[in-house]
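Geometric and topological summary
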Amino acid sequence: MSETQNKGLVAVCPGSYDPVTNGHLDIIRRGASICDRVVVGVVNASLRKMAPLFNADERIEMVQQAVADLDNVEVRAFDILLVEFAREMGANVILKGLRAISDFEYEFEMHQLNRKMAPEIESIYMMASPMYSFISSSGIKEMVRFGGDVTDLVPPHVAVRLVEALSSQSS
Ligand code: PNS
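Note that the structure is a prediction, hence the values are computed from the model and not measured.

Near the ligand lie 15 residues; those nearest to it are Gly15, Ser16, Lys49, Leu82 and Met110. Note that an oxygen atom of the ligand is positioned 2.5 Å from one of the side-chain N or O atoms of serine 16. Between leucine 82 and the ligand, the recorded distance is 2.8 Å, taken from a backbone N or O atom to an oxygen atom. Computed on the free molecule, the ligand has an accessible area of 550 Å², of which 79% lies beneath the protein chains in the complex. Of all the secondary structure elements, the ones that give two or more residues to the shell around the ligand are strand S1 (10–15) and helix H4 (101–117). Broken down by element, the shell around the ligand gets its largest block of residues, four residues, from H4. Its residues assigned to classes, the shell around the ligand shows nine nonpolar, four polar and two charged.

For the rest of this paragraph, the subject is the sheet that holds strand S3 (residues 73–78). Pairing in this open sheet of five strands is parallel, and the strands run S3-S2-S1-S4-S5 from one edge to the other. Taken across any chain shown, the strands that pair with only one partner, and hence form the sheet edges, are S3 and strand S5 (122–127). Adjacent strand axes in the sheet meet at a mean angle of 30°, parallel and antiparallel pairs treated alike. Sheet topology places S1 next to strand S2 (residues 37–43); six bridges connect them, and they run parallel.

It is worth spelling out the nonpolar core at this point. Grouped together as the largest cluster of nonpolar side chains are 36 residues, with contacts concentrated most on Tyr17, Ile28, Val38, Val40, Val67, Val73 and Leu162. Looking at this core, the elements with two or more residues in it are S1, helix H1 (22–34), S2, helix H2 (56–66), S3, strand S4 (93–98), helix H5 (137–145) and helix H6 (156–167). Those residues in contact with valine 73 that sit more than four places away from it in its chain are Ile28, Ala32, Val38, Val40 and Val67. The next biggest cluster of nonpolar side chains, apart from the first, holds 14 residues, and it includes Val39, Val43, Leu82 and Met89.

The next subject is the environment of leucine 82. Within the fold, leucine 82 resides in helix H3 (residues 82–88). The class of leucine 82 is buried, set by a relative accessible area of 14%. The spatial distance from the C-alpha of leucine 82 to the C-alpha of leucine 9 is 17 Å, given a sequence separation of 73 residues. In contact with leucine 82, not counting residues within four places along its chain, are Val12, Pro14, Ile94 and Asn114.

This brings us to the packing of H5 against H6. Here H5 crosses H6 at 65°, and the two axes come no closer than 9 Å. Here H5 runs over H6; the crossing is right-handed. Between H5 and H6, the residues in contact are Ile140, Lys141, Val144 and Arg145 and Leu162, Val163 and Leu166, respectively. Partitioned by chemical class, the residues of the contact of H5 with H6 number five nonpolar, no polar and two charged.

On to H4, then. Three- or four-residue spacings in an α-helix give side chains the same orientation, since the helix completes a turn every 3.6 residues. Taking 1.5 Å per residue as the helical rise, H4 with its 17 residues ought to reach 24 Å, and the 25 Å between its terminal C-alpha atoms agrees with that figure. The largest bend along H4 reaches roughly 25° and is located at glutamate 107. For H4, every residue scored as buried is listed here: Asp103, Glu107, Met110, His111 and Asn114. On its buried face, H4 is in contact with H3, S4 and S5.

Our next topic: the pairing of S1. The side chains of a regular strand alternate, first on one face of the sheet and then on the other. For S1, the tally of buried residues reaches five of six residues, placing the bulk of the element in the interior. Pairing of S1 with S4 involves two bridges; the strand directions are parallel. The residue of S4 that forms the bridge with alanine 11 is valine 93.

Rules used throughout
- In this convention, every chain numbers its residues from 1, walking through the sequence in written order.
- Confidence filtering applies because this is a predicted model: local features only for residues at pLDDT of at least 70, side-chain atom pairs given and counted only at 80 or more, and all residues used for totals across whole chains, interfaces and linings.
- Hydrogens and water are ignored here; the side-chain numbers use all heavy atoms of the structure.
- Whether a residue is near a molecule or strand is decided by its heavy atoms; if any one of them lies within 4 Å of it, the residue is near.
- Two N or O atoms form a polar contact when they lie within 3.5 Å of each other; inside protein one atom must be a possible hydrogen donor and the other a possible acceptor, and for residues adjacent in sequence the pair counts only when both atoms belong to side chains.
- The Shrake-Rupley method, run with a 1.4 Å probe sphere, supplies the accessible areas, and residue values consider only the shown protein chains as cover.
- Numbering goes from the N terminus for both helices and strands, where a helix is a DSSP run of H or I of at least four residues and a strand is a run of E of at least two.
- Throughout this entry, Asp, Glu, Lys and Arg are counted as charged residues, while Ala, Val, Leu, Ile, Met, Phe, Trp, Tyr, Cys and Pro are counted as nonpolar. The remaining residues, Gly among them, count as polar.
- Being paired, for any two strands, means DSSP has found at least two bridges between them.
- Working convention: axes come from line fits to C-alpha atoms, limited for helices to the stretch in contact. Angles between N-to-C directions cover 0 to 180 degrees.
- Buried residues of nine kinds, namely Ala, Val, Leu, Ile, Met, Phe, Trp, Tyr and Cys, make up a nonpolar core once their side-chain atoms join them within 4.5 Å.
- For every residue, the accessible area obtained with a 1.4 Å probe (protein chains only) is divided by the maximum for its type, and the residue is called buried under 20%, exposed over 50%, and partly exposed between those limits.
- The criterion used for residue contact is that any of the two residues' heavy atoms lie within 4.5 Å.
- Definitions for this section: a left-handed crossing has its near helix turned counterclockwise from the far helix by less than a right angle. A right-handed crossing has that turn clockwise.
- Multiplying 1.5 Å by the residue count of a helix minus one yields the expected span of that helix.
- Throughout, bend refers to the angle between the axes fitted to the seven residues that end at a position and the seven residues that start at it.

Right, here's the structure in full:
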């Protein structure tokens, strides 16, 4: 039997999700429509980023609520190498979204590192849908912090949590 035989797609969709946006959900939903199973991996703490606004449990709960209608999607925290997490989850794919050329350089580096450590796990990139190509969690936090309307950019329960968290920071 050929080693390249399709064993079905089990994807890990990793990120900080601080908080989850409609852009993330676009990729997760499109991924769920072509994969047998999607595991959304919420990183506990990223070395490359500042401390998150929401703790891991809060971020997981917000993603879970947003994907509750998708039977083949589950949400897990991780604080190990992404490729180790993917192996633990039985995943053969890392699925990520690309918004613009500016994402490419970072994702290319990540892809090379992950491929070196785990050549058996394929990374797949989906282009963001045009209406979400400008959305980032950090941009959304800044908008809310200064009173902007994020209604079309995040699920309603996330918008509520953002206002609660960021309005308490203003003085
Ligand atoms: O949403 P983000 O912050 O861009 O997601 C970054 C994430 C979670 C994908 C990245 O930080 C990651 O993979 N972290 C786990 C540690 C790891 O495996 N790093 C890459 C190889 S050194």
